[in-house]
Structures are given as structure tokens and as C-alpha cells.
Amino acid sequence: MATVRLGQKHRVLARGIPDSYSNAMANYFGSGPTDLELARAQHTIYCQTLEDEGLEVTLLEADQNHPDCVFVEDQAIVIDGHVLLPIPGHPSRVAEQPPIAEFLSKHYSPEKIFRMSSECKMDGGDLLRLGDLFFVGRSSRTNDAGIAVLRELLDRLGHELRVINLPPEALHLTSISSTPTDKIIFAPEGYIDKQSFGQLPDDSQIIWMPKEEVYGCNTIGLEGGKVIIAEGYPTVLATVKELGLTPTVIDMSQIRAADGSLTCLSIFY
Ligand code: CIR
């Protein structure tokens, strides 16, 4: 979940990988998972890594009827003590949401939980937060009606929202970018216009990575300068080190095979 500041990352919601995972959608980075056991092993290491960093991880049971259910990031958007439950952008994923909504309703009071009406579409994976500045991808999964609801919530919270048009070759904004710290964006060359993010605060910067390392641009920044990154992206790894941050590298091959990135597997609440 890319909508919380580093200092707000204490509790994580994740979800198991169903037996049906080989049927997960794969149209961008992957051509479909081929090894369920390995996928589960990689997911376990992911959860363990977060636990090792002191985070409390809750694992919801997998939903066998929903091959993509492990990608919980898309199902709920947590911002400063508020929860926005979007209408997931792909019809096959809409029914993944109720158990996640139910879980979050135990932690947030009803007046802090917001829903979208039927004309809206949004996947949580289209959101990116840099400090108090928010970006949303207008994508095949996120439409203007959904963006309007998000804007209303962010206006109320006093945060600015900027819209970034995603090219057809990108699934989500966080498929191609992340904020390893509250002041840095990683993004790949050749996907979006370099002006897309607009003028950033003086203390913040975008670091452009080689196009072929697009998948590696999705990272999870944690307090204390720790950054979880995917294995196999040397420029991303070198950059993290040059910035004085401490990388933890995870093999994500069977998650990538279903177009999932590091942030897709968790909701920080
Ligand atoms: C999908 O197409 O919805 C899944 N196979 C991948 C979702 C990845 N989620 C994300 O980028 N936030």
C-alpha cells in the first residue's frame, strides 16, 4: 500500500495464495504463475521479512474462487486513519473485497470508512504517496469517477492529488513506481512523461531508472532507512545503496508472473 507515510507502517494485512493462483490475470509483466509451491514460499518470505522489520502481519485466508486475491493492495486504500473501499477496476476482482472490508471495519469506526458508487472504478495499486502529496494513475482499472471520490477525501484531509495518465503497457501507477522514502520517487524511463509528477517539494526528488528495470521500481520503504526490493534489478539495488538506505532483496518471480509487485501484497493499516 503506497498511501501511508513510512512512520505509519506498523500493521500489515496480507492474504494467502489460493490453489487457483495459476489462473491469476497476467497481461503485463508475467505470463502466468507456473509454480504454486514456489509462489507460496516467496509470499511467506515476504510476510516474514515484514515481521522481521517489526511489523505486525495478519494473513487472511485465501479465496479459492479468486485467483488474484493475494493482491490485497487493490482492495482498500488507507489514508491517515481513513479507509476508502474502491470498486475494484476489474469485474473478476470485485468479490475479493468483503473479507478485507470486514477486517478493516474492526479497526476503523464506520464514519472513517468510505465507499464508492457503482460508476466508479479504482484499484489501490494506482495510488502513490510522497509525503503529503498524492498521485493517482488514470488507468484501465481507475476512472475519473473513482478519482473524484478520492479527491473529495484527500481535500478533506488537506492533501493534494495529481493525476497521471498511464500508458496501456502499465497496469497500475505502482506497477511502475514507488516511494522508497517519503521524499524519493523511483520511476522508469520511457513509460510516462518526465513532467507527469509535476513540481515536487524542494526536499524531494524523482530518480529515473532504466526502462528495463521497470518492475524493480516498485519497492517498500520502511522506517530506519530499510527498503524491500525485488531481486534482479541492479540499478535499483545500487541506487538504494548509494542513497545510504539498506536494501532487503526478495525473489518475486512467481508474484511477478501474475503482474504483482511488492506493494500489491499488502495493506498497511
Ligand atoms: C491483476 O491483474 O489484477 C493481478 N493479476 C495483479 C494485480 C497487481 N496489483 C497491483 O499492482 N497493485
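See the structure printed just above.
What you are looking at is a predicted structure, and each value in this text was computed from that prediction instead of being measured.

**With respect to the overall build of the protein**
When its secondary structure is counted, the protein shows 5 helices and 15 strands. For a compact globule of 269 residues, the expected C-alpha radius of gyration is about 18 Å, and the protein comes in at 17 Å, within 12% of that figure. Along the first, second and third principal axes, the C-alpha set of the protein runs to 45 × 40 × 35 Å. When each of the 269 residues of the protein is scored for burial, the buried share is 58%. Taking as baseline every contact in the protein between residues at least 6 positions apart, the subset at least 24 positions apart corresponds to 69%.

**Let's talk about the pattern of salt bridges**
The tally for this structure, following the rule as stated, stands at 13 salt bridges. Ionic pairing is found between arginine 93 and aspartate 74, a salt bridge with its closest N-O pair at 2.7 Å. Remark: aspartate 74 occurs in the loop between strand E2 (56–60) and strand E3 (77–79) and arginine 93 occurs in the loop between strand E4 (82–85) and helix H2 (97–105); sequence separation between them is 19 residues. Assessed through its relative accessible area of 4%, arginine 93 is described here as buried. Of the residues examined, aspartate 74 reaches a relative accessible area of 2% and is grouped as buried. A salt bridge links arginine 138 to aspartate 144; the nearest nitrogen and oxygen atoms lie 2.7 Å apart. For arginine 138, a relative accessible area of 33% gives the class partly exposed. Taken together, the shared-partner salt bridges in this structure form one network comprising Arg5, Asp80, Arg129, Asp132 and Asp182.

Criteria and cut-off values
Residues numbered from 1 in each chain as written. Predicted model: local features only at pLDDT ≥ 70, side-chain atom pairs only at ≥ 80, totals over all residues. Heavy atoms only, no water. Helix = DSSP H or I, 4+ residues; strand = E, 2+ residues; numbered from the N terminus. Rg over C-alpha atoms; globule rule 2.2 N^0.38 Å. Buried < 20%, exposed > 50% of the residue type's maximum accessible area, 1.4 Å probe, protein only. Contact = heavy atoms within 4.5 Å. Salt bridge = Lys/Arg side-chain N within 4 Å of Asp/Glu carboxyl O.

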